Amino acid sequence: MTKAELIGSLKNASPPAGLDPLILSLWYDAKGDWHKAHEIVQDLTSKAAEWIHAYLHRKEGDLINAKYWYMRAEQNMPETGFDLEAEWNNILDSIEDLL
């Protein structure tokens, strides 16, 4: 699957079968289901999972929690106002090999 195909799948009600949990979390987030995205990623322990976790808390507006997860992910927390869509794309680009 390509990034374009993943993004195209967002028009569907269900995610493509067999997605890696990290990609699945981003898919649900892009569909507007923050809670499902968070549920998937919160128990994963990789740096990529921690980055997604941080991003989700920043999106939620819980910046203290987000800062903690950015630190664990060894990522800099974006400045206030940094485009969430741009960060979503940056995360996906960093794990694109999981597609």
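From a predicted model like this one, the values you see are computed outputs, not experimental measurements.

Undergrad: Just give me the short version of helix α4 (residues 47–60), but keep the residues and values in it.
TA: Under the 1.5 Å per step criterion, the end-to-end length of α4 is 20 Å for 14 residues, consistent within 8% with the ideal 20 Å. For α4, the buried fraction is high: 11 of the 14 residues fall into the buried class. Elements that come into contact with the buried residues of α4 comprise α2 (21–30), α3 (34–41), α5 (63–73) and α6 (84–94). Among the residues trailing α4, G61 stands out with phi positive, at a value near 100 degrees.

Undergrad: Give a description of the packing of aromatic side chains that names residues and reports values.
TA: Taken as a whole and judged by the stated rule, the model has two aromatic pairs. Taken together, a centroid distance of 5.1 Å and an interplanar angle of 90 degrees make the contact between W27 and Y28 edge-to-face. Residue classification places W27 among the buried residues on the basis of a relative accessible area of 1%. You can call Y28 buried: its relative accessible area is 17%.

Undergrad: Lay out the side chain of H38 in plain terms, naming residues and giving numbers.
TA: Of note, H38 is situated in helix α3. Judged by relative accessible area, H38 falls into the buried class, the value being 12%. When near neighbours in sequence (up to four residues on either side) are disregarded, H38 contacts H53, L56 and H57.

Undergrad: Give me the lowdown on the packing of α2 against α6, citing residues and values where you can.
TA: To describe two helices that pack against each other, one gives the angle between their axes and the distance between the axes. Where α2 contacts α6, the axes come no closer than 11 Å and their chain directions differ by 160 degrees. The pairing of α2 with α6 is recorded here as roughly antiparallel in orientation. Where α2 crosses over α6, the two elements pack in a sense that is left-handed. Across from I23, L26, D29 and A30 in α2, the residues of α6 making contact are W88, I91 and L92.

Undergrad: Go over the pattern of salt bridges, please, and point to the residues and values.
TA: Two side chains with opposite charge may pair up if their charged atoms get near one another. What the rule picks out here adds up to seven salt bridges. As a salt-bridge pair, K47 and E50 come within 3.8 Å of each other at their nearest N and O atoms. Separated by three residues within a single helix, K47 and E50 lie in helix α4, roughly one turn from each other. Judged by its relative accessible area of 4%, E50 falls in the buried class. In this structure, E87 engages R58 in a salt bridge whose closest nitrogen and oxygen atoms are separated by 2.8 Å. You can see E87 sitting in helix α6 and its partner R58 sitting in helix α4, a full 29 residues away along the chain. Considered together, E87 and R58 belong to a single accessibility category, that of buried residues.

Undergrad: Would you mind going over the environment of E96 in detail, with residue names and values included?
TA: With respect to the helices and strands, the residue E96 is situated in the segment after α6. Look at E96 and you get partly exposed, because its relative accessible area is 35%. Spatially, the C-alpha atoms of E96 and H57 are 22 Å apart, while their sequence positions differ by 39 residues.

Conventions adopted
Along each chain, numbering runs from 1 in the same order as the chain's sequence is written. A pLDDT threshold of at least 70 governs which residues receive local features in this predicted model, and a stricter bar of 80 or more applies before side-chain atom pairs are shown or counted, although totals over entire chains, interfaces and linings include all residues. To obtain the side-chain values, all non-hydrogen atoms of the structure were included, while hydrogens and water were left out. To qualify as a helix, a DSSP run of H or I must reach at least 4 residues; to qualify as a strand, a run of E must reach at least 2; elements of each kind are numbered from the N terminus. Expected span of a helix, by definition, is 1.5 Å for each gap between consecutive residues, and there is one gap fewer than residues. When a residue's accessible area, from a 1.4 Å probe over protein chains only, is under 20% of the maximum for its type it is buried; when over 50% it is exposed; and in between it is partly exposed. In what follows, a contact means two residues having at least one pair of non-hydrogen atoms within 4.5 Å. Aromatic rings from Phe, Tyr and Trp, taking only the six-membered ring of Trp, are treated as a pair when their centres fall within 6.5 Å; an angle between ring planes under 30 degrees marks them as stacked, one over 60 as edge-to-face, and anything in between as tilted. Lines are fitted to the C-alpha atoms to define the axes, a helix being fitted only along its stretch in contact, and any angle between axes, read from their N-to-C directions, falls within 0 to 180 degrees. The scheme is simple: roughly parallel for angles under 35 degrees, roughly antiparallel for over 145, roughly perpendicular for 65 to 115, oblique for anything else. Here a crossing is called left-handed whenever its near helix is offset anticlockwise from the far helix by less than a right angle, and right-handed whenever the offset is clockwise. What counts as a salt bridge is simple: a side-chain nitrogen of Lys or Arg found within 4 Å of a carboxyl oxygen of Asp or Glu.

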